[in-house]
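Take a look at the letters that make up each chain.
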Amino acid sequence: MSALENYKAARHPVPGTMLRWHLYGAGLENLGRDGRPEEVEVPQYGPNELLVRQDACGLCFSDTKVIALGANHPRLTGRDLARDPVVLGHEVAVTVVGVGENLRDRFKVGDRFVVQADVFYQGVSMAYGYVIPGGLAEYSVIPQEIIEGDEGCYLLPVRPETGYVESALTEPWACVVSAYAQAHREGIKPGGRMLVIAPDSDSDLRTLIQPGCAPAVVVEWYVQERLHQQLLQLQSQCGFRLERLENVDVTAWQAEQFTPEQRFDDILILGAVAPEIIEGVSRALANHGIVNLTGTPPLPRKLSLDIGRIHYNWHHYLGTPSSNPVDAYRETRTADLLPGGVAWFIGAGGPMGQMHVQRAVQHAAPPRKIVCTDVDAARLQSVADRFGRLAQERGIALHTLNPAETGPEPFDAALYRLSDGRGFDDIVSMVPVPAVNEQAAGYLAPGGWFNIFAGVARGTLCLLDVNRIVRERVRFIGSSGSSLADMRETLERVERGELSTNASLAAIGGMEAAAEGLRAVKEGRFPGKTLIFPHIHNLPLTPLPELKERFPTVYARLQDGQFWTREAEEELLRLLLDPA
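Conventions we followed
Residues numbered from 1 in each chain as written. Predicted model: local features only at pLDDT ≥ 70, side-chain atom pairs only at ≥ 80, totals over all residues. Heavy atoms only, no water. Buried < 20%, exposed > 50% of the residue type's maximum accessible area, 1.4 Å probe, protein only. Helix = DSSP H or I, 4+ residues; strand = E, 2+ residues; numbered from the N terminus. Pairing = 2+ DSSP bridges. Core = buried A, V, L, I, M, F, W, Y, C linked by side-chain atoms within 4.5 Å. Contact = heavy atoms within 4.5 Å. Axes fitted to C-alpha atoms, helices over the stretch in contact; angles between N-to-C directions. Phe/Tyr/Trp six-rings, centres within 6.5 Å; stacked < 30°, edge-to-face > 60°. Lys NZ or Arg CZ within 6 Å of the ring centre and 35° of its normal. Salt bridge = Lys/Arg side-chain N within 4 Å of Asp/Glu carboxyl O. Expected span 1.5 Å × (residues − 1). Arc of directions from axis to C-beta. Parallel < 35°, antiparallel > 145°, perpendicular 65-115°, else oblique. Nonpolar A, V, L, I, M, F, W, Y, C, P; charged D, E, K, R; others polar.

Colleague: Any chance you could break down the pairing of strand β22 (residues 461–464) for me, citing the residues and the numbers?
Modeller: Judged by which residues are buried, β22 turns out to be one-sided: C462 and L464 face inward and are buried, whereas L461 and L463, on the alternate face, are not. As paired strands, strand β15 (residues 303–306) and β22 are joined by four bridges and run antiparallel to one another. Note on β22: the bridge partner recorded for L303 is L464.

In structure tokens form, the structure reads like this:
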């Protein structure tokens, strides 16, 4: 039996030592020792734990954020990295090589999994590659927190024939899948907290608050007498607690002053209010909270709203010109790309941008026109090279546009022309620059949705046209990470042949190449994903086109000379695998 067959079946003995990368503080100079991984003992595992071999680890821009911030990273606050270093890597495919005695009825040696990194155990975040040592090690222990997590087991089974690369890249792809599955509630949150502001409105709250669908607490601020009487009547029917804010300046509210229990799940604004009031109360919105602007007359200016919290805290701003607040909760479309519409991808040339474009081109009901913009000419050209032919075959008009080359006025004129003079049905931004997103929002078509995919810090403000939210049903959405369900759906699509995560791969390296790989990710050196094979040694960071000279038999197995395949992976492992 060959070394590769033994490797796949996990028949080789587990060595006593292994290589692992440790981050001892902020800065790439604090990764490893003298720029190399360290040799350490293979960790011991307990009766309720697994020992896994880490077969492939994708490198993520999030990893570079940890390197830049060190112990100041939000997930590592208070951790002394000099004494307790972090092991990065959360896009991981693993194989079980050791099973604790209490788990032998559930797992066996040779089982393969991908790890859903956003682990929660008893309400506490235990993220893989942050709190739990991650993928930049040859072996790792899967603790009880992953196996018995709050959502169940955070290991998703992988079929034996599925490649290591396509398995590991399920994690970043799940974030893309999740971005188009975002949705808000279709009504108020039962048992939640609601703030009502209604100085002058002919709305009827009885269409919104009913027995069985009522908040636990309703807080009034400047509510007209007629609606106050309605709330008293509804209180007797539904049993919520009714409170009034007195002598409070909501325009001075700051997000930091509210505990999670004090925040509002629904903020209902009926009729005319000053822009400063909407800006102030939005800072008290809870996770997944909704600001509902019902019957709001035209505001005199755009509002300064926190797009960081749209992205990270799932804040939603809804509106309707009618006097019925229920209408604002009812959407006429989903967060997915509008079939037959016009879509604009900002920052399309980067790894995540190319995933979004690939998904759009391969979509069962794709847009009829896709516009891709990026300031990097080489990366933008790669979008056309990688997806142009497929787009043409599917009848999709794929356009690329570089604002750095055109200049501002020609760029704006081109966007106007390419959006048929009416704007874009979908705008997806991979660029965490407030000014870029603020300007781009002006190109939304009526009913268009703006997906803030790039992570911008909480507290990042943008001027958004709320009048269009109310009158034209434009929407701003965001998401961070993915759920277990998102990852399961993504893996199933990969294994059914409906999605090629392999097509996202741009460069590979062996274990020693991880530091250079992370530097390349930070620099945006490659148009796609960079991935490390922990059990391949002394393979320098290698863009896929360079395989033609270094490993011609591997290159010959790429699809169209540019896309990774299972066959290319098999050949690489056959040539270079270190069976230990």
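More follows now that the structure is in view.
Colleague: Go over the nonpolar core with me, naming the residues and quoting the values.
Modeller: In this structure, L50, F107, Y128, L136, I142, I146 and L155 are the most contacted members of the largest nonpolar core, which totals 55 residues. In this view, Y128 contacts Q54, G89, H90, V92, V115, A117, P133, G134, G135, S140, I142 and I146; residues no more than four positions away in its chain are not counted. Membership of the second largest hydrophobic core comes to 51 residues, among which are A414, A440, I452 and V466.

Colleague: Describe the sheet that holds strand β10 (residues 193–200), naming the residues involved and giving the relevant values.
Modeller: Strand order in the open sheet made by the six strands is β12-β11-β10-β13-β14-β16, with parallel pairing throughout. Each having just a single partner strand, β12 (241–244) and β16 (316–320) make up the two edges of the open sheet. Going across the sheet, the axis of each strand differs from the next one's by a mean of 20°, ignoring polarity.

Colleague: Break down the packing of aromatic side chains for me, with residues and values.
Modeller: Taken as a whole, this structure holds nine aromatic pairs when the rule is applied. Centre to centre, the rings of W253 and F258 are 5.1 Å apart; their planes meet at 75°, and the pair counts as edge-to-face. We classify F258 as buried; its relative accessible area is 14%. In this structure an aromatic cluster arises from ring pairing among W344, F411, F424 and Y443. One Lys or Arg, R33, reaches over the ring of Y24 and ends 3.9 Å from the middle of that ring. One Lys or Arg, R53, reaches over the ring of Y7 and ends 3.5 Å from the middle of that ring.

Colleague: Hey, could you go over the pattern of salt bridges for me, with residue numbers and the actual values?
Modeller: Under the defined criterion, the tally for this structure stands at 35 salt bridges. For the salt bridge of E331 with R473, the shortest nitrogen-to-oxygen distance reads 3.5 Å. Taken together, the positions of E331 in the loop between α9 (326–329) and β17 (342–346) and R473 in the loop between α15 (466–471) and β23 (475–478) put the pair 142 residues apart, joining distant regions of the chain. Exposure remark for R473: the relative accessible area of 19% places this residue in the buried category. One salt bridge in this structure joins E516 and R525, with 2.9 Å as the shortest N-O distance. Residues joined by salt bridges that share partners form a network here, namely E516, R519, E523 and R525.

Colleague: Which residues make up helix α7 (residues 275–282), and what values go with them?
Modeller: Among the eight residues in α7, seven count as buried, and that is most of the element. Inspection of α7 places P275, I277, I278, E279, G280, V281 and S282 among the buried residues, and these make up the whole buried set. In this structure, the buried side of α7 is in contact with β10, β11 (217–223), β13 (264–271), β14 (285–294), β15 and β16.

Colleague: Give me helix α16 (residues 484–495): which residues, what numbers.
Modeller: Taking 1.5 Å of rise per residue, the 12 residues of α16 would be expected to cover 16 Å, and the 17 Å separating its terminal C-alpha atoms lies within 8% of that figure. Looking at α16, one finds that the buried residues are L484, D486, M487, T490, L491, V494 and E495. Viewed along the axis of α16, the buried residues span an arc of 160°, placing them on a single side of the element. If you follow the buried residues of α16, they end up packed against β5 (112–115), β9 (155–157), α4 (164–168) and α5 (170–179).

Colleague: Give a detailed account of the packing of helix α2 (residues 61–69) against helix α17 (residues 514–523), specifying residues and quantitative values.
Modeller: Closest axis-to-axis distance for the α2/α17 pair is 9 Å, and the angle between their directions is 100°. With respect to α17, the element α2 is oriented roughly perpendicular. Each of F61, D63, T64 and I67 in α2 lies in contact with α17, whose residues at this interface are L518, V521 and K522. For the contact of α2 with α17, the class distribution of residues is four nonpolar, one polar and two charged.

Colleague: Could you give me a rundown of unusual backbone geometry, with the residues and numbers involved?
Modeller: The backbone of A10 shows a phi angle near 55°, a positive value even though the residue is not glycine. By the secondary structure assignment, A10 is in the loop between α1 (3–8) and β1 (17–20). On the accessibility criterion, A10 (9% relative accessible area) is buried. A positive phi is found at Q122, a non-glycine position, where the angle reads about 55°. Tracing the sequence through the fold places Q122 in the loop between β6 (120–121) and β7 (124–125).

All we've got here are geometric facts, nothing functional implied.
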